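Survey of secondary and tertiary structure
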Amino acid sequence: MSTHAVIPAAPARLDEHRLEALAGFYAANLTLRPRFTKGSRWARRVLAGPDHEAWLLAWLPGQGTELHDHGGVARPAAAAVAVVSGSLTEFTVAPGDFPGLRRKPLAAGDVSVVDDRTVHAMRNDSTAPAVSLHVYSPGLEAMRTYLLDETGLAPSRIKRAGEDW
């Protein structure tokens, strides 16, 4: 009898082209209707598989996320965001001597892909509701949030998937 423990293999991470394709496909074939809530954006996991999962999000005007990554060191996830309806703005941290934010407008039909180390935020800056479909690979366990000032990024807190949003 063997006394060696079997360590499960880490799930495969999909490449950015596959993530982008899946986000576009899922967004085009939605059957679940999103809900809009005044307190904060609405989020619901709509699919989970061995190497990725998908979340549907609904955003009222002015709603957004904090600056965050997708899971940190233990099990970071790459992501693709497809805007289903409305428009969103993605803010990505631009490193340098004086770190700042890059602003990227996203309209319905657009897909944005971020790697597993990107720190970014999403916000509905428009006057109309927006819906987006997010695909994470591997599945999203947590997001680390950050504060940004002239000295750079500072970790703020950890938010667990399904518990803190």
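Coordinates for the structure precede this section.
Residues numbered from 1 in each chain as written. Predicted model: local features only at pLDDT ≥ 70, side-chain atom pairs only at ≥ 80, totals over all residues. Heavy atoms only, no water.

On to the side chain of Asn-124, then. Within the secondary structure, Asn-124 is located in the loop between β8 (120–123) and β9 (130–137). One polar contact links the side chain of Asn-124 to the main-chain carbonyl oxygen of Trp-59, over a distance of 3.1 Å. A polar contact of 3.5 Å, which involves the side chain of Asn-124, links it to the backbone oxygen of Leu-60. (Helix = DSSP H or I, 4+ residues; strand = E, 2+ residues; numbered from the N terminus. Polar contact = N/O pair within 3.5 Å; in protein donor to acceptor, adjacent residues only side chain to side chain.)

Across the chain, the bulk of peptide bonds are trans and the bulk of non-glycine residues have phi less than zero. For the bond from Ser-137 to Pro-138, the omega torsion is -10°, close enough to zero to count as cis. By the secondary structure assignment, Pro-138 is in the loop between β9 and β10 (142–149).

Relative to the helices and strands, Pro-34 resides in the loop between α1 (16–28) and β1 (42–48). Pro-34 sits 97 residues away from Val-131 along the chain, and the two C-alpha atoms are 7.4 Å apart. With sequence-adjacent residues up to four places away left out, Pro-34 is seen in contact with Trp-42, Leu-56, Ala-58 and Val-131. (Contact = heavy atoms within 4.5 Å.)

One ladder, built from 2 bridges, connects strand β3 (residues 67–68) with β10; its direction is antiparallel. By the bridge assignment, Leu-67 is partnered in β10 with Tyr-146. Bridge count for β10 against strand β11 (residues 152–160) is 8 bridges, and the pairing is antiparallel. Directly across from Tyr-146, in β11, lies its bridge partner Pro-155. Between β10 and β11, which follow one another and run antiparallel, lie 2 residues. (Pairing = 2+ DSSP bridges.)

With that settled, the discussion passes to a nonpolar patch on the surface. Taken together, Leu-32, Val-46 and Leu-47 make up a surface patch of nonpolar side chains, about 200 Å² in accessible area. Relative to the assigned elements, Leu-32 resides in the loop between α1 and β1. (Patch = residues over 30% accessible without salt bridge, like charges linked within 9 Å, V, L, I, M, F, W, Y side chains within 5 Å. Areas by Shrake-Rupley, 256 points an atom, 1.4 Å probe, with all protein chains shown as cover. Salt bridge = Lys/Arg side-chain N within 4 Å of Asp/Glu carboxyl O.)

Here we take up a negative patch on the surface. There is a patch of like negative charges on the surface, built from Asp-15, Glu-16, Glu-20 and Asp-115. With respect to the secondary-structure elements, Asp-115 resides in the loop between β7 (111–114) and β8. (Lys, Arg positive; Asp, Glu negative; His and termini not counted. Charge placed at Lys NZ, Arg CZ, Asp CG, Glu CD.)

None of the figures reported here should be taken as evidence of function without further support.
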